[in-house]
Amino acid sequence: MSSSSAASTSSRNLVLGSVAVADCDWCGCCSPLCARIMSSAARLRRRVHHSDVGGKKFERVLSSGSDGLSEPLLGGGDDEYFEDWKEKKRREEHEWSQIFTRLLAQWSQWLSIVLLGSGSLLGDMINRVLYRRDEGIVHIDLTPVQEERLHKLQKRLQVAFDGSNSKHAEALVALWHEAFPGRLFDGLITEKWKEMGWQGTDPSTDFRGGGFISLENLLFLAQRYPRSFSKLLHKEEGQRSEWEYPFAVAGINVSFMLIQMLDLRSEKPSSLSGLKFAKILAEDEQAFDVLYCVAFEMMDAQWLAMRASYMEFNAVLSATRSQLERELSLDDVYRVQDLPAYTLLCR
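(A) How the structure looks around the layout of surface pockets. Roughly 170 Å³ of volume is contained in the second largest pocket. In terms of lining residues, the second largest pocket is bounded by Q239, R240, S241, W303, L304, R307, A308 and S309. Grouping the constituent residues of the lining of the second largest pocket by class yields three nonpolar, three polar and two charged.

Written out as structure tokens, the structure reads:
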């Protein structure tokens, strides 16, 4: 079955499969992808290895919640045993987070008292500005620039796709021309949308998982990195599955995954990845869109490394999230362009 026909006839949910992948010495994830990323990154710069910053200890467990968004279009299955396992891991992670938070608070208090003097102004600032305790979660106060850009990004997340909105319709037409250069636009409702990986003849019905920002992400990928867009759309690299993931719908799921991972639905991020991203956002206002492009390339590379098929899409997306969280935790990452996986992108 071809990738286009699979995308056109399937709207079923995926069952999160388990894929046995050998660990590597570098970061503990699937070694084929690590080899590909690191061989490319080595040509551009000398990188800090994940083992230098703790390796797998930065790996997080996915929450089963939807953070206020609609469920992604390629959602999870009904495996009760797996859900119980995820809940157990979530509780364990929360307990470790509380322990880590208490240690940070104690360290801050000790520093202010012993080194700077009890009651000193600078000591109070360390406790107040660097770390605050709030129900077992570490918060770092954001700079005015970080707050402003984070607020603008969060406003984008609130915009649902509206086919009657001329701006939204124009963006969809622009995506058509990027995907099918030289082909006359055939209308907002047509069978040809399925060739791009939409589930039906009307793409507007697929945006419920990610809103208008997911269309903006796809269009940004097409215009900023047209070579990456083309090879992902047409599945040009690697040994492909007989039942491929649908390109457009997968792109919406990547947007959904990033929003959850970066904790963008919260007033302020509290996850390690979300806090690191807030710093990156202060350096580049388009950081989310660029990170989306990197994440899409990483997802496709994981897909090939795991030799996955359509029914294993959730497992691939989960592995992509873990890999991206590890890369964001590297000490020398100050911009999206510093991520090792950024070298997967091509213009």
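(B) View of the environment of D289. Looking at the element boundaries, D289 is found in helix α11 (residues 287–305). Note: C-alpha distance between D289 and I213 (76 residues apart in sequence) is 9.2 Å. Those residues in contact with D289 that lie beyond four places of it in its chain are R156, N217 and F220.

(C) How the structure looks around the environment of L272. Secondary-structure assignment places L272 in helix α10 (residues 272–283). Residues L272 and S329, 57 residues apart in the sequence, show an inter-C-alpha distance of 7.6 Å.

(D) Looking closely at helix α9 (residues 247–261). Its 15 residues place the ends of α9 21 Å apart at the C-alpha level, agreeing with the 21 Å of an ideal helix rising 1.5 Å per residue. Among the 15 residues of α9, 15 are classified as buried, and the element is accordingly described as predominantly covered. Looking at the residues trailing α9, positive phi occurs at D263, about 60 degrees.

Procedures and definitions
Residues numbered from 1 in each chain as written. Predicted model: local features only at pLDDT ≥ 70, side-chain atom pairs only at ≥ 80, totals over all residues. Heavy atoms only, no water. 1 Å grid on protein atoms, 1.4 Å probe; cavity = no way out; pocket = protein on both sides within 12 Å on 5 of 7 lines; lining within 4 Å. Points joined across faces, edges and corners; volume = space filled by probe spheres on them. Nonpolar A, V, L, I, M, F, W, Y, C, P; charged D, E, K, R; others polar. Helix = DSSP H or I, 4+ residues; strand = E, 2+ residues; numbered from the N terminus. Contact = heavy atoms within 4.5 Å. Expected span 1.5 Å × (residues − 1). Buried < 20%, exposed > 50% of the residue type's maximum accessible area, 1.4 Å probe, protein only.

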